[in-house]
Amino acid sequence: WPNKNTPIQETLKALNELKDDGLIKATGVSNFTINHLKDALDTEYDFSGNQVEFHPSLNQQKLKQFCDKNDIHLTAYSPIAQGQDLNLEIIKDLAEKYCKPECQVILNWLIQQGLSAIPRSSNLEHIRENFETTNWSLDEDDINKINTKTKGLSNRLINPGFNEFDY
């Protein structure tokens, strides 16, 4: 998480030292807004990813576009909005169209846009369904339909009091 009390330069320097020492393969940040990312990019240190809450009802396309332009990989946590997005009409319609579970529609939508997704489940059947997401693809028109139908939604679920999402 970003923290204005800890300079980003100091944090990225420490992470890069671990990378240089061969103790880690890559460095990344979490929950960085575009402004946080700009601050991080202004340092001399390298990082390659940003892990954020990203799902249809928190479709952070501006952040994704910024990351794409700056070669920062996005990883989506809470990719199905703790189950809430399984009930979105567009997701249900596409699940019916493709004869696939709603969770696969959402995960497929994320993956086809170049994001990684880290769904959480302890249910073995859900874990299997999640892995089967990569066995098929949404049509580009359907990816665009999800983006159009969810534009402007702001269903942030992970929002601790110390957040800096307004920066």
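Thresholds, definitions, all that
- Residue positions within a chain follow its written sequence, with the count starting from 1.
- Note on the predicted model: pLDDT of at least 70 is required for a residue's local features to be given, and 80 or more for side-chain atom pairs to be given and counted; whole-chain, interface and lining totals, by contrast, use all residues.
- Remark: hydrogens and water are excluded; side-chain values derive from all non-hydrogen atoms of the structure.
- To define axes, lines are fitted to C-alpha atoms, for helices over the stretch in contact only, and angles between the resulting N-to-C directions are given on a 0 to 180 degree scale.
- A run of H or I in DSSP becomes a helix once it reaches four residues, and a run of E becomes a strand once it reaches two; helices and strands are each numbered from the N terminus.
- Each angle receives one of four descriptions, namely roughly parallel if under 35 degrees, roughly antiparallel if over 145, roughly perpendicular if within 65 to 115, and oblique otherwise.
- Two residues qualify as a contact provided that any one of their heavy atoms is within 4.5 Å of a heavy atom in the partner residue.
- Under this grouping Gly is polar, as are all residues other than the nonpolar Ala, Val, Leu, Ile, Met, Phe, Trp, Tyr, Cys and Pro and the charged Asp, Glu, Lys and Arg.
- N or O atoms within 3.5 Å of each other form a polar contact, as long as, within protein, one can give a hydrogen and the other can take it, and as long as residues adjacent in sequence are counted only when both atoms are side-chain atoms.
- Relative accessibility decides the category of a residue: with a 1.4 Å probe and only protein chains considered, values under 20% of the type maximum give buried, values over 50% give exposed, and everything between is partly exposed.
- Crossing handedness is defined as follows: a turn of the near helix away from the far one that is anticlockwise and smaller than a right angle gives a left-handed crossing, while the clockwise case is right-handed.
- Multiplying 1.5 Å by the residue count of a helix minus one yields the expected span of that helix.
- A pair of strands is considered paired only if DSSP assigns at least 2 bridges between the two.
- Here a crossover is taken to be right-handed if, once the strands point away from the viewer, the path from the first strand over the helix to the second is traced clockwise.

Peer 1: So what's going on with the packing of helix H4 (residues 89-98) against helix H5 (residues 102-112)? Which residues, and what values?
Peer 2: At a minimum axis separation of 8 Å, H4 and H5 run at an interaxial angle of 105 degrees. With respect to H5, the element H4 is oriented roughly perpendicular. Residues Ile91, Lys92, Leu94 and Ala95 of H4 pack against Glu102, Val105 and Ile106 of H5. Looking at side-chain class alone, the contact of H4 with H5 contains five nonpolar, no polar and two charged residues.

Peer 1: For the side chain of Asp142, give the residues involved together with the corresponding values.
Peer 2: The topology assignment puts Asp142 in helix H7 (residues 140-150). Only 2.4 Å separates the side chain of Asp142 from the side chain of Tyr98, close enough to count as a polar contact. Leaving out residues up to four positions away in the same chain, Asp142 has contacts with Leu94, Lys97 and Tyr98.

Peer 1: Mind laying out unusual backbone geometry, listing which residues take part and the relevant values?
Peer 2: Leaving glycine aside, a negative phi is the common case for residues, and trans is the common case for peptide bonds. Although it is not a glycine, Ala81 sits at a positive phi angle of roughly 55 degrees. Even without a glycine there, the phi angle at Cys99 is positive, about 55 degrees. Tracing the sequence through the fold places Cys99 in the loop between H4 and H5. Residue Cys99 is classed as exposed on the basis of its relative accessible area, which comes to 67%.

Peer 1: Give me the lowdown on the packing of H4 against H7, citing residues and values where you can.
Peer 2: Remark: H4 packs on H7, axes separated minimally by 10 Å, with the N-to-C direction vectors making an angle of 165 degrees. Taken together, the axis directions place H4 and H7 in an arrangement best described as roughly antiparallel. At the point where H4 passes H7, the crossing takes the right-handed sense. For the pair H4 and H7, the contacting residues are Ile90, Ile91, Leu94, Lys97 and Tyr98 in the first and Asp142, Lys145, Ile146 and Lys149 in the second. Here the contact of H4 with H7 is built from residues that sort into five nonpolar, no polar and four charged.

Peer 1: An account of helix H1 (residues 8-20) is needed here, citing residue identities and associated values.
Peer 2: Taking 1.5 Å per residue as the helical rise, H1 with its 13 residues ought to reach 18 Å, and the 18 Å between its terminal C-alpha atoms agrees with that figure. At the exit of H1 stands Gly22, carrying a positive phi of roughly 75 degrees.

Peer 1: Before we move on, can you summarise the pairing of strand E3 (residues 73-77) with the specific residues and values?
Peer 2: Among the five residues that make up E3, four are buried, leaving the element largely enclosed by the rest of the structure. Examined bridge by bridge, strand E2 (residues 49-53) and E3 share five bridges and lie parallel to one another. Bridge pairing in E3 places Val52 opposite Ala76. Between E2 and its parallel partner E3, the chain crosses via helix H3 (residues 61-69), and the hand of that crossover is right-handed.

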